[in-house]
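Residue strings, one per chain:
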Amino acid sequence: MKSLVLQEDPREKLVLKDSPRPELKAGEALVRIRAAALNHRDQWCRVGMYPGLRYPSILGSDGCGVVEEVAEGGEQAWLGQEVILNPNVNWGSDPEFQGYNYSILGMPTNGTLAEYIAVPVHRLHPKPTHLSAEEAAALPLAGLTAFRAVFRKGGLKSGDLVFITGIGGGVALFALQFCVAAGAKAYVSSGHEAKIEKALALGAAGGFLYKEEKWTKGPAKVAPLGFQAIIDGAGGPDFGEVAKMLAPAGNLVVYGTTAGNPSPIHIPRLFFSQANIKGSTMGNDQEFADMVAFVDAHKIKPVLSSVRPFAEAISAFDEMAAGGQFGKLVIRVSE
Ligand SMILES: NC(=O)c1ccc[n+]([C@@H]2O[C@H](COP(=O)([O-])OP(=O)(O)OC[C@H]3O[C@@H](n4cnc5c(N)ncnc54)[C@H](OP(=O)(O)O)[C@@H]3O)[C@@H](O)[C@H]2O)c1
């Protein structure tokens, strides 16, 4: 089968090549992947900046496909169904915190950037009917991360003011769509004016260019008392200033660090404002089901930056590295 493999070669770690079709173990389903989507972790893996890298590995945490075979011990009713895959591997029994043998589909286990994948049937979820295969493939990892960050950690509800950093990102855009659907008033930042315009069209109340000098003065004007929640996947040199935008007793939710580790933070500001700084990663299996139900109920459509054929998959990684995308980078794997 065709596959995109991460290999240990300093010249180019990604290679499109034939790999053996996976063999099913008891309780597993064989899914023919129709579409897969990239997450920033795939690019971190490519450049060696992800923990526990294993070579060779098939990357990809997000996929939508059709169940072609179910091994003994698995529910045969899945046969022929269009599905998306829950990318959590072994979240465990504590809804607050993933277990110690937790991992994410696509490293170290083989992922969705291949014609076929074998996963336990309990990782299958019916494809939302209002989504195409390409749209559905874009949903799992980023949708789950945004859902937990916005609701469980951010505590957002109708009427709240929220600030979302780096709106061109896959997670950030789901966070915006979820906030808008929940009735929260969402402001965003971006490095690109055009992305802010697109975010406004999706329901953002306003946007600010983080590449401008002293840009956090803008958000301070629209929310003089601060934001009830800030959803941040960037970190970086602006983190201290972004943290100051939090309302008293607000939730600063951090799920990523695309811009690197933060500059110094004014700690007294945090304790005097009773700030809650909350790390958030992916989400438990119940949240995955709740996220898909929320997307279904609100008929939310993932924002796709581009869809390209499998033969051009590596160029999607280049596009992500350059940061030009607005939304998810999707690969059409098979018909
Ligand atoms: N903890 C988890 O479970 C989890 C899950 C998913 C992702 N992540 C992490 O979260 C981050 C985003 O992931 P993703 O897949 O959504 O990535 P992505 O689609 O590649 O988006 C990255 C975005 O970061 C924004 N950005 C870059 N520099 C910035 C800066 N200085 N200030 C503010 N924003 C900046 C850009 O927004 P603009 O283009 O608008 O400027 C860019 O679109 C990554 O670091 C990823 O590893 C963590």
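Here the residue index of a chain counts from 1 through its sequence in written order. Owing to the predicted nature of the model, reporting of local features is limited to residues with pLDDT of at least 70; listing and counting of side-chain atom pairs is limited to 80 or more, with chain, interface and lining totals taken over all residues. By convention in this description, side-chain values take in all heavy atoms of the structure and omit both hydrogens and water.

A look at the site of the ligand
As a reminder, the rule being used: The near set for a molecule or strand comprises every residue that places at least one heavy atom within 4 Å of it. Under this definition, polar contacts are N or O atom pairs within 3.5 Å; protein pairs additionally need one hydrogen-donor-capable and one acceptor-capable atom, and for neighbouring residues in sequence, both atoms have to be side-chain atoms. Exposure was quantified through the Shrake-Rupley algorithm and a 1.4 Å probe, taking into account, for residues, occlusion by the shown protein chains and nothing else. Counting from the N terminus, the helices are DSSP H or I runs at least four residues long and the strands are E runs at least two residues long. Polar here means any residue outside two lists: the nonpolar Ala, Val, Leu, Ile, Met, Phe, Trp, Tyr, Cys and Pro, and the charged Asp, Glu, Lys and Arg; Gly therefore counts as polar. Delimitation of the domains relies on an automatic or database domain assignment.
Around the ligand, the structure places 28 residues, and the nearest of them are His40, Trp44, Ser190, Lys195 and Tyr210. Within the contact set of the ligand, an oxygen atom lies 2.8 Å away from a backbone nitrogen or oxygen of Gly168. Contacts to the ligand include Tyr255, whose backbone N or O atom sits 2.9 Å from a nitrogen atom. Across the complex, the protein chains shield 86% of the 910 Å² of accessible surface that the ligand would expose by itself. Elements with a minimum of two residues in the shell around the ligand: helix H1 (40-46), helix H3 (140-153) and helix H4 (170-182). Split by residue class, the shell around the ligand holds 10 nonpolar, 17 polar and 1 charged. Looking at which domains feed residues into the shell around the ligand, each of domain 1 (2-139 + 302-332) and domain 2 (143-279) gives three or more.

Some thoughts on the pattern of salt bridges
Two side chains carrying opposite charge are able to pair once their charged atoms lie near each other. We count it as follows: The term salt bridge refers to a pairing of a side-chain nitrogen on Lys or Arg with a carboxyl oxygen on Asp or Glu at a separation within 4 Å. Each residue is assigned to one of three classes by its accessible area relative to the maximum for its type, calculated with a 1.4 Å probe on protein chains only: buried under 20%, partly exposed between the two thresholds, exposed over 50%.
Per the counting criterion, the structure on display carries 18 salt bridges. For Arg34, the salt bridge goes to Glu82, with nearest N and O atoms at 2.6 Å. In this pair, Arg34 is assigned in strand E3 (residues 28-37) and Glu82 in strand E6 (residues 82-85), connecting sequence segments 48 residues apart. Taking relative accessible area as the criterion, Arg34 reaches 26% and is therefore assigned partly exposed. In this structure, Glu287 engages Arg148 in a salt bridge whose closest nitrogen and oxygen atoms are separated by 2.7 Å. One end of the pair, Glu287, is in helix H9 (residues 285-297); the other, Arg148, is in helix H3, with 139 residues separating them in the sequence. Here the salt bridges do not stand alone but share partners, grouping Glu96, Arg148, Arg152 and Glu287 into one network.

A short note on the domain arrangement of the protein chain
Stated formally: The contact rule is simple, with two residues in contact once any of their heavy atoms fall within 4.5 Å. Once two parts are put together, the accessible area they lose, assessed with a 1.4 Å probe and summed over both, is termed the buried area.
Here the protein chain is described as being made up of domain 1 (2-139 + 302-332) and domain 2 (143-279). For domain 1 and domain 2, the distance between their C-alpha centroids amounts to 28 Å. Taken together, the 17 residues of domain 1 in the interface contact 16 residues of domain 2. Interface of domain 1 and domain 2: buried area, both sides summed, is about 1,300 Å²; carbon and sulfur atoms make up 60% of it. Linking domain 1 with domain 2 are 1 salt bridge.

Some words on the sheet that holds strand E12 (residues 185-190)
Keep this limit in mind: Only strands that DSSP links by at least two bridges are regarded as paired with each other. Every axis in this analysis is a line fitted to C-alpha atoms, fitted for helices over the stretch in contact. Angles between the N-to-C directions lie between 0 and 180 degrees.
With parallel pairing, the 6 strands of this open sheet are ordered in space as E13-E12-E11-E14-E15-E16. The open sheet is flanked by strand E13 (206-209) and strand E16 (276-279), the only strands paired with a single partner. Here the strands of the sheet are splayed against their neighbours by 20° on average, with no regard to which way each runs. Sheet analysis places strand E15 (residues 246-254) next to E16, joined by 4 bridges and oriented parallel. By the bridge assignment, Asn251 is partnered in E16 with Asn276. In the packing of H3 onto the sheet, the strands contacted are strand E14 (227-232), E15 and E16, and the crossing angle to E15 comes to about 155°. Along the sheet, H4 makes contact with strand E11 (161-164), E12 and E14, crossing E11 at roughly 165°.

A short note on the nonpolar core
Quick reminder of the rule: Residues enter a nonpolar core if they are buried and are Ala, Val, Leu, Ile, Met, Phe, Trp, Tyr or Cys, with the set joined through side-chain atoms within 4.5 Å.
The biggest cluster of nonpolar side chains holds 50 residues, and the ones touching the most others in it are Val162, Ile164, Ile167, Leu176, Phe178, Ile231 and Met291. Elements with a contribution of two residues or more to this core: E3, helix H2 (133-137), H3, E11, H4, E12, E14 and H9. The element that contributes the greatest number of residues to this core is H4, accounting for 8 residues. Formed jointly, this core draws a minimum of three residues from each of two domains, domain 1 (2-139 + 302-332) and domain 2 (143-279). Those residues in contact with Leu176 that sit more than four places away from it in its chain are Ile164, Ile167, Ala186, Val188, Ala199, Leu202 and Ala204. Core analysis: the second largest hydrophobic core is formed by 30 residues, Ala36, Cys45, Trp78 and Val119 among them.

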